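The residues making up each chain are set out below.
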Amino acid sequence: MILFYILFSLLIIKAVLTLVLAFAHPRQHRQRLQQHDPQPPLGVTVMIAAYNEEVGIADTLRSILTQDLPQIQVIVVDDGSKDRTAEIAWSFAHQDERVMVLQQPNGGKARALNTAIDHVRYPVAVSVDADSALAPGTLAALARHFHDPRVGAVAGDVRVAGPDTLLTRIQHLEYTVGQHMEKRAQDMLGAISVVPGAAGAFRSDALRLLRYSHDTLTEDMDLTIGLAAAGYEVRFEPAAISYTEPPITLRDLWRQRMRWMYGVFQVVSKYRHLLFRRQGGRLGWLTLPYILLYGLVLGGIGPLLDLLSIVMMFHHASELVIPLLLNLGADLMVVGAALRLGGQGARAILLTPSQRLFLRPFVTLVVVMTCISFLRRRDVSWNKLPRVGLQMSPSQPAHKAGGD
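Okay, so let's go over this structure.

Conventions we followed
Residues numbered from 1 in each chain as written. Predicted model: local features only at pLDDT ≥ 70, side-chain atom pairs only at ≥ 80, totals over all residues. Heavy atoms only, no water. Helix = DSSP H or I, 4+ residues; strand = E, 2+ residues; numbered from the N terminus. Rg over C-alpha atoms; globule rule 2.2 N^0.38 Å. Buried < 20%, exposed > 50% of the residue type's maximum accessible area, 1.4 Å probe, protein only. Contact = heavy atoms within 4.5 Å. Areas by Shrake-Rupley, 256 points an atom, 1.4 Å probe, with all protein chains shown as cover. Lys, Arg positive; Asp, Glu negative; His and termini not counted. Charge placed at Lys NZ, Arg CZ, Asp CG, Glu CD. Salt bridge = Lys/Arg side-chain N within 4 Å of Asp/Glu carboxyl O. Pairing = 2+ DSSP bridges. Axes fitted to C-alpha atoms, helices over the stretch in contact; angles between N-to-C directions. Arc of directions from axis to C-beta. Patch = residues over 30% accessible without salt bridge, like charges linked within 9 Å, V, L, I, M, F, W, Y side chains within 5 Å. Phe/Tyr/Trp six-rings, centres within 6.5 Å; stacked < 30°, edge-to-face > 60°. Parallel < 35°, antiparallel > 145°, perpendicular 65-115°, else oblique. Left-handed = near helix turned anticlockwise from the far one by under 90°. Nonpolar A, V, L, I, M, F, W, Y, C, P; charged D, E, K, R; others polar.

Some details on the overall build of the chain
Secondary structure summary: the chain contains eleven helices and eight strands in total. Radius of gyration (C-alpha) of the chain: 21 Å, near the 22 Å computed for a compact globule of 404 residues. Dimensions of the chain along its principal axes, counting C-alpha atoms only, are 70 × 45 × 45 Å. Scored against the burial criterion, the 404 residues of the chain give a buried share of 56%. Relative to all contacts within the chain whose residues are 6 or more apart in sequence, the contacts with residues 24 or more apart total 85%. Summed over all atoms, the accessible surface of the chain reaches about 18400 Å², with 61% contributed by carbon and sulfur. Each charge class in the chain can be summarised by its mean position, and for the 40 positive and 34 negative side chains these summaries are 5 Å apart.

Below you can see the structure in the form of structure tokens.
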């Protein structure tokens, strides 16, 4: 019972702290931007690694080329595609001199992005996945942070834009909580662990030095941790919105999460020498321990606690009612707050039970299977997901990236 109470307390403490920090984030965000405004906008180079992306590459390029910035360079690296990806990219290049197309044999996303880095022209480099589309104002919102020389990377707000099914709605809610609760709280603490490939900005000079790593499956997380280890700040920009295509089947979701989780294990293992070490700084004392405790340990055993609670209710009902109600209440508060900060409708809060009953057990199984694979040193491949194209409501493409 004591262990049970400790674990539940940790989950509730995390929820409360996340709420407090997330709601404090808009003020900090405004103060940061006021320190460097007004200044002329920085030039931005957008890097796109594309492999068999004929379904969505045109929408991606259109969303970039219509951004309101005076200096934009777009580099598309076709990584050995077997479909019409290169042909479509070249059609844009022939019409717009800002677009550069590079072709190479298939070597993986990290290698393709490193090829793009060699041709980056402007001080800010933004990675955009070839299955994503940027909302108006996104590039400018990301770039304005780099007037501060301490900033090495900025994470954007990634949103789901797929077929309207229960599975994609659950992912939409998960992304919303992840961006507007977790990312905001992590930004307040200086502990952001991932700048996503769908909308991630980097200081070009730092990117040239560190480059993308080939030895982990989550090259975006690896680079983010590397920048933090090098002493750079990593921030979150809620006004930089990117719509991305989610997995639409359970099989594809499983493959995606297995790759993500295996990559997390690889990155934590790669930087384990910084854990609780003076030279590790905030990364070693906060970011990595947070990933281990809440991302892997408590994230993995959460559903087991729920199951144990149900069993124990038959014998200790009076003792467990309050902790369970507090935990459920904290869940609802976090989801409601995330929807409010993300400027989204409150109806999605009705999906909270599906998060607890489906997604959490699903993630637990992913963590367990990944742990087994990692300990046995089994290879987990990239497993490119099938594309159906972005499917957005009429209001989404025209969504104006705003601010806090």
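Observations concerning the pattern of salt bridges
For the structure shown, the criterion picks out 22 salt bridges. Across the salt bridge formed by Arg62 and Asp59, the nearest N and O atoms sit 2.9 Å from each other. Residue Arg62 and its partner Asp59 are both found in helix H2 (residues 57-65); the two are separated by three residues, about one turn of the helix. When its relative accessible area of 34% is taken as the criterion, Asp59 is described as partly exposed. Between Asp331 and Arg360 there is a salt bridge; the shortest N-O distance is 2.8 Å. Highlighted residues: Asp331 in helix H10 (residues 281-341) and Arg360 in helix H11 (residues 352-375), separated in sequence by 29 residues. Take Asp331: its relative accessible area is 16%, and that puts it in the buried class. Salt bridges here are not isolated pairs; linked through shared partners, they connect Asp148, Arg150, Glu233 and Arg235.

Focus: the sheet that holds strand E7 (residues 200-203)
One open sheet accounts for eight strands, arranged E3-E2-E1-E4-E7-E6-E8-E5; its pairing is mixed. Since the sheet does not close on itself, it has two edges, and those belong to strand E3 (99-104) and strand E5 (132-134), each with one partner. Each strand axis lies, on average, 30 degrees off the axis of its neighbour in the sheet, ignoring direction. Relative to strand E4 (residues 124-127), strand E1 (residues 44-50) runs parallel, the two being bridged by four bridges. When the sheet's bridge partners are listed, Val44 is paired in E4 with Val124. Contacts from helix H3 (residues 85-95) reach E1, strand E2 (72-79) and E3, with the element oriented near 155 degrees to E3.

Quick word on the pairing of E4
Working note: regular strand, side chains alternate between the two faces of the sheet. Residue alternation in E4 divides its side chains into two sets, Val124 and Val126 and Ala125 and Ser127, and both sets are buried. Relative to E7, E4 is paired through four bridges, and the arrangement is antiparallel. By the bridge assignment, Val126 is partnered in E7 with Ala201.

Topic: H3
Three or more residues of H3 are buried, namely Thr85, Ala86, Ile88, Ala89, Phe92 and Ala93. Buried residues of H3, seen end-on, are gathered within an arc of 165 degrees and therefore sit on one face of the element. Projecting away from the buried face of H3 at angles above 90 degrees are the exposed residues His94 and Gln95. Here the buried face of H3 lies against E1, H2, E2 and E3.

Comments concerning a nonpolar patch on the surface
Taken together, the side chains of Val321, Ile322, Leu325, Leu326 and Leu328 define a hydrophobic patch exposed on the protein surface, amounting to about 470 Å² of accessible area. Within the element layout of this structure, Leu326 appears in helix H10.

A word on the packing of aromatic side chains
According to the stated counting rule, one finds seven aromatic pairs in the structure shown. With a centroid separation of 5.5 Å and 45 degrees between ring planes, the pair formed by Phe265 and Phe374 is classed as tilted. Linking Phe265 in helix H9 (residues 250-270) with Phe374 in helix H11, this pair joins segments that are 109 residues apart in sequence. Phe265 sits in the buried class, given a relative accessible area of 13%. The class for Phe374 is partly exposed, based on a relative accessible area of 25%. On the basis of an interplanar angle of 35 degrees and a centroid distance of 5.6 Å, the ring pair of Phe358 and Phe362 is categorised as tilted. Here Phe358 pairs with Phe362, and both are found in helix H11, just four residues apart, close to one helical turn. In textbook terms, an aromatic cluster arises when at least three aromatic residues are bridged by ring pairs, as seen for Trp254, Phe358 and Phe362.

Description of the packing of helix H8 (residues 219-229) against H9
H9 packs onto H8 with a crossing angle of 25 degrees between their chain directions and a minimal axis gap of 9 Å. The orientation of H8 relative to H9 falls into the category roughly parallel. Judged by the twist between their axes, the crossing of H8 over H9 is right-handed. On the side of H8, the interface is formed by Met221, Asp222 and Ile225, while H9 contributes Val264, Val267 and Lys270. Looking at the contact of H8 with H9, its residues break down into four nonpolar, no polar and two charged.

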